[in-house]
Amino acid sequence: MTDPRSQRLAQRHALLTGAAGGIGLAVAEAYLEHGARCSVADLAAQPTEALLALSERHPGRLHYVQADLSRIEDIAHMVSSARECFGDIEVLFNNAAVFDLAPLLESDERMYQRLFDVNVKGMFFTMQAVLRQMVAAGVRGSVVNLASQAGRRGEALVSHYCASKAAVISYTQSAALAMAPHGIRVNAIAPGVVDTPMWGQVDALFARYEGLQPGEKKAAVGRAVPLGRMGRPEDMAGAAVFLASEEAAYITAQTLNVDGGNVMS
Ligand SMILES: NC(=O)c1ccc[n+]([C@@H]2O[C@H](COP(=O)([O-])OP(=O)(O)OC[C@H]3O[C@@H](n4cnc5c(N)ncnc54)[C@H](O)[C@@H]3O)[C@@H](O)[C@H]2O)c1
């Protein structure tokens, strides 16, 4: 007999943003393994090789849609394309984001705009579009937003990204309260440092501004984690499945640290 815990999301339709690689891809794989049908959105016109391989392992259960989530019209298209393929969306893994850093006095409007367009505007209006659909369809769904340990406290070089992730935590709380009467739960995950394509860029930027060798920052942040290493994308999957599933039926408005012990709250 199949262990019911291995099919926590059986037949659920999950929409995952920014899931062509990194954390989103690992969570898409976990959702599929738990029985979900997944609509996956990212910037590229075509799905990556990794997504194609995932689709081959789970035939007929992965739908890819191109979307630039800083554009409201792309968000609307993503949601309708997902619904056309697999019906009402029951789980949203709201994950797409970009990173950048600069000394506070040097950061410019362009950097601010790019980070806030994707990490805050894109994140909020994606959530709003999916919540509207859940409410209209009477779906008692679950939203999981991607925050960060960077949203818990400021960093001298990382002001805009930190602020964008603090906004994710705040919107999670407001949306959870607004949606509680509809039986829809809204939570967030706050990763610490996770070895994804994003960290290649993070490491290079820290190297430039802190005078470090390539790879030095990445090694240092890994050593500083209480559990002794950087996270892997798969390390986010357990929390992502749990929060999306009925096992978390009494959990809402929370931001769960999945960071090897970096943040205590
Ligand atoms: N990697 C870490 O250490 C870390 C730590 C804390 C939080 N996070 C958060 O976790 C989430 C996933 O991060 P990751 O490390 O896997 O990053 P990543 O860069 O590997 O993946 C992010 C994905 O989002 C997509 N994306 C970017 N802009 C987009 C847009 N406008 N429209 C659609 N898709 C877009 C990218 O193409 C990419 O596939 C992000 O929200 C990130 O801020 C990551």
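Scoring rules and cut-offs
Residues numbered from 1 in each chain as written. Predicted model: local features only at pLDDT ≥ 70, side-chain atom pairs only at ≥ 80, totals over all residues. Helix = DSSP H or I, 4+ residues; strand = E, 2+ residues; numbered from the N terminus. Rg over C-alpha atoms; globule rule 2.2 N^0.38 Å. Buried ≥ 20, exposed ≤ 12 C-beta atoms within 10 Å, placed from the backbone. Contact = placed C-beta atoms within 7 Å. Core = buried A, V, L, I, M, F, W, Y, C linked by C-beta atoms within 7 Å. Domains from an automatic or database assignment. Axes fitted to C-alpha atoms, helices over the stretch in contact; angles between N-to-C directions. Parallel < 35°, antiparallel > 145°, perpendicular 65-115°, else oblique. Left-handed = near helix turned anticlockwise from the far one by under 90°. Nonpolar A, V, L, I, M, F, W, Y, C, P; charged D, E, K, R; others polar. Expected span 1.5 Å × (residues − 1). Bend = angle between axes of the 7 residues up to and from the residue. Pairing = 2+ DSSP bridges.

## Description of the overall build of the protein
Part 1: For the protein, the helix and strand inventory stands at eight helices and seven strands.
Part 2: In summary, the protein has a C-alpha radius of gyration of 18 Å against a globular reference of 18 Å for 265 residues, a match within 12%.
Part 3: Taken over the C-alpha atoms alone, the protein extends approximately 55 × 40 × 40 Å along its principal axes.
Part 4: The buried share of the protein, reckoned over its 265 residues, is 45%.
Part 5: In the protein, 72% of the contacts between residues at least 6 apart in sequence involve partners at least 24 apart.

## Things to note about the nonpolar core
Part 1: In terms of nonpolar packing, the biggest core is built from 73 residues, with Ala14, Val27, Ala28, Tyr31 and Ala240 touching the most fellow members.
Part 2: The residues that make up this core include at least three from each of domain 1 (10-192 + 232-258) and domain 2 (193-230).
Part 3: Once you skip the residues sitting within four places of it in the chain, tyrosine 31 turns out to touch Leu9, Ala14, Ala36, Cys38 and Val241.

## Details of the environment of asparagine 187
Part 1: Its location among the elements puts asparagine 187 in strand β6 (residues 185-191).
Part 2: Its 24 C-beta neighbours within 10 Å are what place asparagine 187 among the buried residues.
Part 3: Residues asparagine 187 and leucine 256 lie 69 residues apart in sequence; the distance between their C-alpha atoms is 7.8 Å.
Part 4: Filtering out sequence-adjacent residues up to four positions away, asparagine 187 remains in contact with Val144, Thr172, Leu243, Ile251, Thr252, Gln254 and Leu256.

## Some details on the packing of helix α1 (residues 22-33) against helix α8 (residues 237-244)
Part 1: Relative to each other, α1 and α8 sit at 55°, their axes nearing to 9 Å. As the angle between them shows, α1 and α8 are arranged oblique. At the point where α1 passes α8, the crossing takes the right-handed sense. Each of Ala26, Val27, Ala30 and Tyr31 in α1 lies in contact with α8, whose residues at this interface are Ala237, Ala240 and Val241.
Part 2: Residue composition of the contact of α1 with α8, by class: seven nonpolar, no polar and no charged.

## Brief notes about the domain arrangement of the protein
Part 1: Segmenting the protein into domains produces domain 1 (10-192 + 232-258) and domain 2 (193-230).
Part 2: Here the C-alpha centre of domain 2 lies 24 Å away from the C-alpha centre of domain 1.
Part 3: Of the residues lining the interface, twelve residues belong to domain 1; the matching set on domain 2 comes to eleven residues.
Part 4: For the side of domain 1 that touches domain 2, the per-class residue count stands at eight nonpolar, three polar and one charged.

## Considering helix α4 (residues 109-137)
Part 1: Across its 29 residues, α4 extends 40 Å between first and last C-alpha, which sits within 8% of the 42 Å expected from 1.5 Å per residue.
Part 2: Of all bends in α4, the biggest is about 40°, found at aspartate 117.
Part 3: Taken residue by residue, α4 has Leu115, Val118, Asn119, Val120, Gly122, Met123, Thr126, Met127, Val130, Leu131, Gln133 and Met134 as its buried positions.
Part 4: Its buried side turned inward, α4 meets β1 (13-17), α3 (72-86), β4 (91-94), β5 (142-146) and α5 (159-179).
Part 5: Just beyond α4, the residue with positive phi is glycine 138, at close to 70°.

## Digging into the pairing of β6
In summary, the side chains of a regular strand alternate between the two faces of the sheet.
Part 1: With seven of seven residues buried, β6 is to be regarded as a mostly interior element.
Part 2: Inspection of the sheet shows β6 paired to strand β7 (residues 255-258) by four bridges, in the parallel sense. Its bridge partner lying in β7, alanine 188 is registered against threonine 255.

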